[in-house]
Amino acid sequence: MKFGGTSVGNADRIKIVFDIIKNNMHLSPVVVLSAHSGITDMLITTVNNAIKGKVDVGPIRERHLNIIKN
């Protein structure tokens with residue numbers, strides 16, 4: 001089972017994914033989670049800015065903290 005993007009884009013969506021996994025535990029699934037929606041683009045931008053000497057992971061950190069909080 002692979003989930004990523006909008007399916008793990010916020011806390012409510014992650015709860016839905018959790019329920020899907022939980023309901024299929026009898027199948028012994030292998031679960032892969034990729035980046036939240038928009039994070040890959042944010043990582044690319046952060047790397048490009050870092051190459052120019054401007055490192056700011058704040059927006060990525062903030063996004064993850066908001067998901068955890070919710």
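Residue positions within a chain follow its written sequence, with the count starting from 1. Only residues with pLDDT of 70 or above have their local features reported here, since the model is predicted, and side-chain atom pairs are shown and tallied only from 80 upward, although totals for entire chains, interfaces and linings are computed over all residues. Based on all heavy atoms of the structure, the side-chain values leave hydrogens and waters out of the count.

Caption draft 1: Structural detail: the overall build of the protein chain. In terms of helices and strands, the protein chain carries three helices and two strands. Seen along its three principal axes, the alpha-carbon backbone of the protein chain occupies a region of about 50 × 25 × 15 Å. Think of it in three bands: residues with accessible area under 20% of the maximum for their type are buried, residues over 50% are exposed, and the middle band is partly exposed, with areas taken using a 1.4 Å probe on protein chains only. Counting over 70 residues, the protein chain shows a buried share of 19%. Surface exposure here means Shrake-Rupley accessible area, sampled with a 1.4 Å probe, where a residue is shielded only by the protein chains that are shown. Summed over all atoms, the accessible surface of the protein chain reaches about 5,200 Å², with 60% contributed by carbon and sulfur. The average position of the 9 basic charges and that of the 5 acidic charges among the side chains of the protein chain differ by 2 Å. Working definition: helices are DSSP H or I runs of at least four residues, strands are E runs of at least two. Numbering for both runs from the N terminus. In this charge count, Lys and Arg are treated as positive and Asp and Glu as negative; neither His nor the chain ends contribute. Taken as the charge centre is NZ of Lys, CZ of Arg, CG of Asp or CD of Glu, depending on the residue.

Caption draft 2: Local environment of the environment of Lys-2. Tracing the backbone shows Lys-2 in strand S1 (residues 2–5). Contact criterion: two residues are considered in contact whenever any of their non-hydrogen atoms come within 4.5 Å of each other. Dropping the residues within four chain positions of it, Lys-2 is found in contact with Val-32 and Ser-34. Pairs of N or O atoms within 3.5 Å make up the polar contacts considered here, provided that, within protein, one atom can donate a hydrogen while the other can accept it, and that residues adjacent in sequence are counted only when both atoms are side-chain atoms. One polar contact links Lys-2 to Ser-34, side chain to side chain, over a distance of 3.2 Å.

Caption draft 3: Layout of the packing of helix H2 (residues 39–51) against helix H3 (residues 58–69). Axis lines are fitted to C-alpha atoms, over the contacting stretch for helices. Their N-to-C directions set the angle, which ranges from 0 to 180 degrees. Close contact between H2 and H3 brings their axes to 9 Å; oriented N to C, the two are set at 155°. Taken together, H2 and H3 sit at an angle that is classed as roughly antiparallel. Residues Ile-39, Met-42, Leu-43 and Thr-46 of H2 pack against Pro-59, Ile-60, Arg-63 and His-64 of H3. Each residue receives one of three labels: charged for Asp, Glu, Lys and Arg, nonpolar for Ala, Val, Leu, Ile, Met, Phe, Trp, Tyr, Cys and Pro, and polar for the others, Gly being one of them. Residue classes in the contact of H2 with H3 are distributed as five nonpolar, two polar and one charged. By definition in this entry, angles of less than 35 degrees are roughly parallel, angles greater than 145 are roughly antiparallel, angles of 65 to 115 are roughly perpendicular, and the rest are oblique.

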